[in-house]
Amino acid sequence: MRQFFVFARKEFYHIFRDKRTLLILFGMPVVQIVLFGFAITNEIKNAEIAVLDQSRDYYSNRLVQQLQAGSYFKIDQELQSHRAIEAAFKEGRIKMVVVIPPKFGESFFHLHKAQVQLLADAGDPNTATTLINYARAIIGNYQQQLNGPQAMPLTINTTVRMQYNPALKSVFLFVPGVMTLILLLVSAMMTSITIAREKELGTMEILLVSPLPPAMIVTGKVVPYIVLSFINALVILGMGIWLFGMPIKGNIVLLLLECALFVLTSLGLGILISTVTDKQQTAMMASMMGLLMPTVLLSGFIFPVESMPLPLQLLSNIMPAKWFIIILKDIMLKGSGLREVWPQSLVLCGMTLLFVTISIRKFKIRLS
């Protein structure tokens, strides 16, 4: 056992001597969590819009003030005629135009109806739809303020409640996704590269003839990455909580145990990659191309799996990241316990055993 600890300590020394390895291990998580948290977002804030107010009465002015009261819209232009709308859109800054007809207040109180036209630049359909929804919600709130306690005839009231993320913060989606992506890439990629390096340099044969058994050699090379990957998980969780206000409604001990389980799954996948590659470059390419793109596209990190075609939905089931993201969201946002996340945990356990079993068999074949 003492030989094992000495061997593992040697691996720690080797990692800390390599500045590029340290940069990948600790620099990449910090940069990615900041970029994904701040730069990549589904929210739209301070969108520049234009207003064509043909009424210019007290009630239309209040509506304009209501539109720009929050952080969603910024009124960039006040147009004077319909002919100016096309020119405003062609300038490229304006994403939406709000047209208020003449006698807006008079029509609302005497005719019990008033029209507000919303024109959006649909060059980006998702953005246009989001802006229209924001504007309709603000106008609906303004209508309720004008109505007061009186109920308008034939009025349809719609009640909306957002569970688990009332403010619709996109960071609540990206923190679990980035955490999964980093743990998978660091654990799998660094493990596969480390073992492939020994094979490429010809030192693996020297290690195999040492007093340590092969299983202990592989374990000794993997243990440092288990520790460092777990530290990465703690760093990401800490940044998500204190920097972005990410909640953890569930049991923190269960969350950390699930992180450890996913790290083991990723390490098993990295060992599997190393058994079929003989060079560091090949192992890196297999890890990046074989894990990065499928994880981003098929794990539900960015795109909902339910919206994908059936073959892709079936293919996503073999992605460990998909199940870990579900676990993270359930524990952190919903406060789920082991009773709710045990099916996903069981899948990760099965994948870990599968990866390790295949790796051992291939390793024995290479030794024979």
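Residues numbered from 1 in each chain as written. Predicted model: local features only at pLDDT ≥ 70, side-chain atom pairs only at ≥ 80, totals over all residues. Heavy atoms only, no water.

A.B. asks: An account of the overall build of the protein is requested, with residue identities and associated values reported.
C.D. replies: From N to C terminus, the protein includes 14 helices and four strands. Here the protein holds 368 residues, and 42% of them are scored as buried. Considering only residue pairs separated by 6 or more positions, the protein has 77% of its internal contacts joining residues 24 or more positions apart. Total accessible area computed for the protein in this model is approximately 20,300 Å², and 63% of it derives from carbon and sulfur atoms. (Helix = DSSP H or I, 4+ residues; strand = E, 2+ residues; numbered from the N terminus. Buried < 20%, exposed > 50% of the residue type's maximum accessible area, 1.4 Å probe, protein only. Contact = heavy atoms within 4.5 Å. Areas by Shrake-Rupley, 256 points an atom, 1.4 Å probe, with all protein chains shown as cover.)

A.B. asks: So what's going on with the sheet that holds strand β2 (residues 73-78)? Residues and values would help.
C.D. replies: Reading across the sheet, the four strands line up as β2-β1-β3-β4 and stay open at both edges, with mixed pairing between neighbours. Looking at the sheet topology across the chains shown, the edges are occupied by β2 and β4 (117-120). With strand direction ignored, the average angle separating the axes of adjacent strands in the sheet is 30 degrees. Sheet topology note: the strand β1 (residues 47-53)/strand β3 (residues 96-100) ladder contains five bridges and is parallel. Bridge pairing in β3 links Leu 52 to Val 99. (Pairing = 2+ DSSP bridges. Axes fitted to C-alpha atoms, helices over the stretch in contact; angles between N-to-C directions.)

A.B. asks: Which residues make up the nonpolar core, and what are the values?
C.D. replies: Ranked by internal contacts, the top residues of the largest apolar core, which has 57 residues, are Ile 33, Met 179, Leu 183, Leu 291, Phe 324 and Leu 348. Mapped onto this core, the elements with two or more residues apiece are α2 (19-39), α7 (171-201), α9 (214-242), α10 (252-275), α11 (280-298), α13 (320-334) and α14 (338-367). It is α7 that provides the largest number of residues to this core, a total of 18 residues. Excluding anything up to four places from it in sequence, Ile 33 contacts Val 175, Val 178, Ile 236, Met 239 and Phe 244. Of all hydrophobic cores here, the second largest spans 20 residues; its members include Val 51, Met 96, Ile 100 and Phe 104. (Core = buried A, V, L, I, M, F, W, Y, C linked by side-chain atoms within 4.5 Å.)

A.B. asks: How would you explain the pairing of β3 if you had to name every residue and give the values?
C.D. replies: Counting buried positions along β3 gives five out of five residues, so the element sits mostly inside the fold. Alternating residues of β3 divide into Met 96, Val 98 and Ile 100 and Val 97 and Val 99, and every residue in both groups is buried. When β3 meets β4, the two strands line up antiparallel, connected through four bridges. By the bridge assignment, Met 96 is partnered in β4 with Ala 120.

A.B. asks: Please set out the pattern of salt bridges residue by residue, giving values where relevant.
C.D. replies: One pass over the structure, following the stated rule, counts one salt bridge. For Asp 330, the salt bridge goes to Lys 334, with nearest N and O atoms at 3.6 Å. On the criterion of helical spacing, the pair formed by Asp 330 and Lys 334 is a turn pair, its members being four residues apart in helix α13. Under the relative-accessibility criterion, Lys 334 is labelled partly exposed at 45%. (Salt bridge = Lys/Arg side-chain N within 4 Å of Asp/Glu carboxyl O.)

A.B. asks: Tell me what's going on with the confidence of the model for the protein, and back it up with residues and numbers.
C.D. replies: Scored by pLDDT, the protein comes out at a mean of 77, with 80% of its residues at no less than 70. Model confidence for the protein, summarised as mean pLDDT per element, is weakest for helix α8 (residues 203-208) at 63 and strongest for α13 at 89. (pLDDT = per-residue confidence, 0-100.)

A.B. asks: Just give me the short version of the side chain of Asp 330, but keep the residues and values in it.
C.D. replies: Here Asp 330 falls in the buried class, since its relative accessible area comes to 12%. Those residues within four positions of Asp 330 in sequence are excluded, and the remaining contacts are Gly 335, Ser 336 and Val 341.

A.B. asks: Describe in detail unusual backbone geometry, supporting the description with residues and values.
C.D. replies: Even without a glycine there, the phi angle at Arg 56 is positive, about 50 degrees. For Arg 56, a relative accessible area of 46% puts it in the partly exposed group.

A.B. asks: Account for a nonpolar patch on the surface, with residues named and values stated.
C.D. replies: A grouping of Phe 16, Phe 26, Val 30, Val 227, Ile 231 and Val 235 is seen on the molecular surface, where their side chains present a nonpolar patch of about 430 Å² in accessible area. Elements with a minimum of two residues in the nonpolar patch: α2 and α9. A per-element tally of the nonpolar patch places α9 first, with three residues. When its relative accessible area of 36% is taken as the criterion, Val 30 is described as partly exposed. (Patch = residues over 30% accessible without salt bridge, like charges linked within 9 Å, V, L, I, M, F, W, Y side chains within 5 Å.)

A.B. asks: Lay out helix α3 (residues 58-67) with the relevant residues and their values.
C.D. replies: The periodicity of an α-helix, 3.6 residues per turn, causes residues three or four places apart in sequence to face the same way. Along α3, the residues that are buried comprise Ser 60, Leu 63, Val 64 and Leu 67. One side of α3 holds all its buried residues, which, seen down the axis, span an arc of 100 degrees. Opposite the buried face of α3, at more than 90 degrees from it, the exposed residues are Tyr 58 and Gln 65. The opening residue of α3, the one whose side-chain oxygen lies 3.3 Å from the backbone nitrogen of Tyr 59, is Asp 57. (Arc of directions from axis to C-beta. Polar contact = N/O pair within 3.5 Å; in protein donor to acceptor, adjacent residues only side chain to side chain.)

A.B. asks: Please give an account of the packing of aromatic side chains that cites residues and values.
C.D. replies: Within the structure shown, the criterion is met by three aromatic pairs. Ring geometry for Tyr 58 against Tyr 59: centres 5.2 Å apart, planes inclined by 80 degrees, an arrangement best described as edge-to-face. Between the aromatic rings of Phe 262 and Phe 324, the centroid separation amounts to 4.2 Å while the plane-to-plane angle is 0 degrees, which identifies the pairing as stacked. Residue Phe 262 is located in helix α10, and its partner Phe 324 is located in helix α13; the two are separated by 62 residues in the primary sequence. (Phe/Tyr/Trp six-rings, centres within 6.5 Å; stacked < 30°, edge-to-face > 60°.)

A.B. asks: Before we move on, could you go through the environment of Leu 312 and cite the residues and values that matter?
C.D. replies: Structurally, Leu 312 is set in helix α12 (residues 310-316). Residue classification places Leu 312 among the partly exposed positions, given a relative accessible area of 35%. C-alpha of Leu 312 to C-alpha of Leu 298: the two residues are 14 residues apart in sequence and 7.3 Å apart in space.

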